[in-house]
Amino acid sequence: MCGRTCLTLDPDQVICACKYPKQTVKKEPEGEEQIKVKDEEISSMATPEWRAEFNLGRRYQASYNIAPTDITPVIVSAAHFSDAPEQKCARVVMPMMWGMIPFWHKGDYRRHGLTTNNCRLEHLMDSKLYRGPFKRGQRCVVICEGFYEWQTAGPAKKPSEREAYLVYVPQDGNAKIYDKSTWSPGDVKLLRMAGLFDVWEDESGDKMYSYSIITFQSSKIMSWMHYRMPAILETEQQMNDWLDFKRVTDSEALATLRPATSLKWHRVAKMVNNSRNKSEECNKPIELAANPAKPAMNKTMMAWLNVRKKREDQIKAEQSDPSGDEEYAPAEKKSVLNKRRISSDGSESVDSPAKRPRFRDFKRAAALAQQNSGGGSSDSNEVKSAEAIESL
């Protein structure tokens, strides 16, 4: 599985890091259409073209923490864009969105409702989503300095408790993939993963290129960490066979996908769990990573939290307000809360705070006064009514 990657190179640096041995194309004697490809001397290197597509106005941005739906550089065969013989073995680097959009999708490209970050090799040929691009030769290679993986093998843990690792290709000499001062784009070894891409068009005819990374069951080298792993292309021959869709058949291309034999990794800080964290501390070994500042929070969220906090403080203040306690109540409030009366023997007593009269109390008092009035005068009726109300 691959859910997050790291690539901190600018476009010019990317094509420098993606140089490849030039190849010669030779045809067999007349009557045979098969083409033979042979690598030239290793000293003769070719630089791929950077093909900047519009992609609905979205651009690639180098990042220590790349997530699905981000735009990243992908290698494809130049034969997708030209029929010239010299382009049969040439490579092109172009930005694409991570998460394939099926070409048949209608409406907003962000709302196709499918999870297309990774493509399972076991179901590739049975999938309506991936079978078409594969049959059309839309094979690509996704490049990065490394990918992040969370340890899910072993005892079950909550997602927030899983340890995160950066997985990458072993580097030459003293180069450290997490320290750019120890290597240059010309000598760094990027990690290369096999993928499939598709081309989606909106109603205006503008195109969006997008891709999925092919994964299969982990081999021993990664099974302790995760049960899935990406299809990593370790050699130039694997790269050539996967990209050359005109020469290499579908079955031959699938045969090039096999578990990697040499990988390295180190544990990283959990700050990488949040895709908003783009700090250079993301890809460092956990013992070297500093404690980064938390990412800036959305203004709307901040406003909501401030309102909520004020409300909680207000409720807390009301609950802890001692003004309702007689011991701490001021004198003027005591006179309101406590109704004093003098009993028949002249002693003074204190009643509980008087309750606010209700309509039913007035109604009951009026009925009682009318009942007791009998044939008395109106003045006596009024006095009795008043007395009845007072007695309640």
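For the structure itself, look to the data block above.
Source: prediction; values computed, not measured.

## Things to note about the overall build of the protein chain
Argument step 1. Along the protein chain, the regular secondary structure elements total 9 helices and 19 strands.
Argument step 2. When the 392 residues of the protein chain are sorted by exposure, 38% land in the buried category.
Argument step 3. For the protein chain, the share of sequence-separated contacts (at least 6 apart) that also reach a separation of at least 24 residues comes to 65%.
Argument step 4. If you sum the accessible surface of the protein chain, you get close to 23500 Å²; carbon and sulfur atoms cover 50% of it.

## Observations regarding the sheet that holds strand β1 (residues 4-7)
Strand pairing in a sheet is mediated by backbone hydrogen bonds. Such pairs are either parallel or antiparallel.
Argument step 1. As summarised here, the arrangement of the 5 strands in space is β7-β1-β12-β13-β17, forming an open sheet in which the pairing is antiparallel. Of all strands in the sheet, those bounded by a partner on one side alone are β7 (63-66) and β17 (264-268). On average, each strand axis in the sheet is tilted by 25 degrees relative to the strand beside it, whichever way the strands run.
Argument step 2. Pairing of strand β12 (residues 146-150) with strand β13 (residues 164-168) involves 4 bridges; the strand directions are antiparallel. Its bridge partner being in β13, Trp150 is matched across the sheet by Ala164.

## Looking at the environment of Lys270
Argument step 1. Looking at the element boundaries, Lys270 is found in the loop between β17 and α6 (299-319).
Argument step 2. Take Lys270: its relative accessible area is 37%, and that puts it in the partly exposed class.
Argument step 3. In this structure, the C-alpha to C-alpha distance between Lys270 and Ile286, residues 16 residues apart in sequence, is 8.7 Å.
Argument step 4. For Lys270, the residues in contact, after removing those within four places along its chain, are Ser160, Glu161 and Arg162.
Argument step 5. Engagement of the side chain of Lys270 in a polar contact is seen with the backbone oxygen of Ser160, the distance being 3.3 Å.

## Considering empty space enclosed by the protein
Gaps left between atoms are located by rolling a probe of water-molecule size over the structure's atoms.
Argument step 1. The final tally for this structure, using the stated rule, is 2 cavities of 30 Å³ or more.
Argument step 2. Taken as a whole, the largest cavity spans an internal volume of roughly 80 Å³.
Argument step 3. Of the pockets and cavities examined, the second largest cavity occupies roughly 30 Å³.
Argument step 4. Taken together, Thr5, Leu7, Ile66, Thr72, Pro73, Val142, Ile143, Cys144 and Tyr211 form the lining of the second largest cavity.
Argument step 5. Breaking the lining of the second largest cavity down by element, the ones donating at least two residues are β1, β8 (71-77) and β11 (139-144).
Argument step 6. With 3 residues, the single largest contributor to the lining of the second largest cavity is β11.
Argument step 7. Its residues assigned to classes, the lining of the second largest cavity shows 7 nonpolar, 2 polar and no charged.

## So, unusual backbone geometry
Residues apart from glycine generally show negative phi values, whereas peptide bonds are mostly found in trans.
Argument step 1. A positive phi angle, near 45 degrees, is found at Asn55, a position not held by glycine.
Argument step 2. Taking relative accessible area as the criterion, Asn55 reaches 1% and is therefore assigned buried.
Argument step 3. With a phi close to 80 degrees, Thr69 is a non-glycine residue in the positive phi region.
Argument step 4. Here Thr69 falls in the partly exposed class, since its relative accessible area comes to 45%.

## Observations concerning the side chain of Arg91
Argument step 1. Summarising the element assignment, Arg91 is placed in strand β9 (residues 91-98).
Argument step 2. Classification of Arg91 as buried rests on a relative accessible area of 5%.
Argument step 3. For Arg91, the side chain forms a polar contact with the side chain of Glu236, separated by 2.9 Å.
Argument step 4. Among the polar contacts made by the side chain of Arg91, one reaches the side chain of Asn240 at a distance of 2.8 Å.

## Side note on a nonpolar patch on the surface
Argument step 1. Residues Phe103, Trp104 and Leu114 make up a contiguous nonpolar surface patch of roughly 290 Å² in combined accessible area.
Argument step 2. Along the chain, Leu114 falls in the loop between β9 and β10 (118-120).

## Some thoughts on the pattern of salt bridges
Argument step 1. Within this structure, the stated rule accounts for 17 salt bridges.
Argument step 2. Residue Asp250 is joined to Arg139 by a salt bridge in which the shortest nitrogen-to-oxygen separation is 3.8 Å. Placement of Asp250 in helix α5 (residues 250-255) and of Arg139 in strand β11 is noted, with a sequence separation of 111 residues between them.
Argument step 3. On the accessibility criterion, Asp250 (22% relative accessible area) is partly exposed.

## Focus on the packing of aromatic side chains
Argument step 1. Per the stated rule, a full pass over the model turns up 7 aromatic pairs.
Argument step 2. Ring plane angle 50 degrees and centroid distance 5.8 Å describe the contact between Tyr109 and Trp200, whose orientation is recorded as tilted. In this pair, Tyr109 sits in the loop between β9 and β10 while Trp200 sits in strand β14 (residues 191-201), placing the two residues 91 residues apart along the sequence. Both residues of the pair, Tyr109 and Trp200, belong to the buried class.
Argument step 3. Ring geometry for Phe197 and Tyr209: centres 6.5 Å apart, planes at 35 degrees, overall tilted. Residue Phe197 is found in strand β14, and its partner Tyr209 is found in strand β15 (residues 207-217); the two are separated by 12 residues along the sequence. Considered together, Phe197 and Tyr209 belong to a single accessibility category, that of buried residues.

Reading guide: rules and limits
- Residues numbered from 1 in each chain as written.
- Predicted model: local features only at pLDDT ≥ 70, side-chain atom pairs only at ≥ 80, totals over all residues.
- Heavy atoms only, no water.
- Helix = DSSP H or I, 4+ residues; strand = E, 2+ residues; numbered from the N terminus.
- Buried < 20%, exposed > 50% of the residue type's maximum accessible area, 1.4 Å probe, protein only.
- Contact = heavy atoms within 4.5 Å.
- Areas by Shrake-Rupley, 256 points an atom, 1.4 Å probe, with all protein chains shown as cover.
- Pairing = 2+ DSSP bridges.
- Axes fitted to C-alpha atoms, helices over the stretch in contact; angles between N-to-C directions.
- Polar contact = N/O pair within 3.5 Å; in protein donor to acceptor, adjacent residues only side chain to side chain.
- 1 Å grid on protein atoms, 1.4 Å probe; cavity = no way out; pocket = protein on both sides within 12 Å on 5 of 7 lines; lining within 4 Å.
- Points joined across faces, edges and corners; volume = space filled by probe spheres on them.
- Nonpolar A, V, L, I, M, F, W, Y, C, P; charged D, E, K, R; others polar.
- Patch = residues over 30% accessible without salt bridge, like charges linked within 9 Å, V, L, I, M, F, W, Y side chains within 5 Å.
- Salt bridge = Lys/Arg side-chain N within 4 Å of Asp/Glu carboxyl O.
- Phe/Tyr/Trp six-rings, centres within 6.5 Å; stacked < 30°, edge-to-face > 60°.

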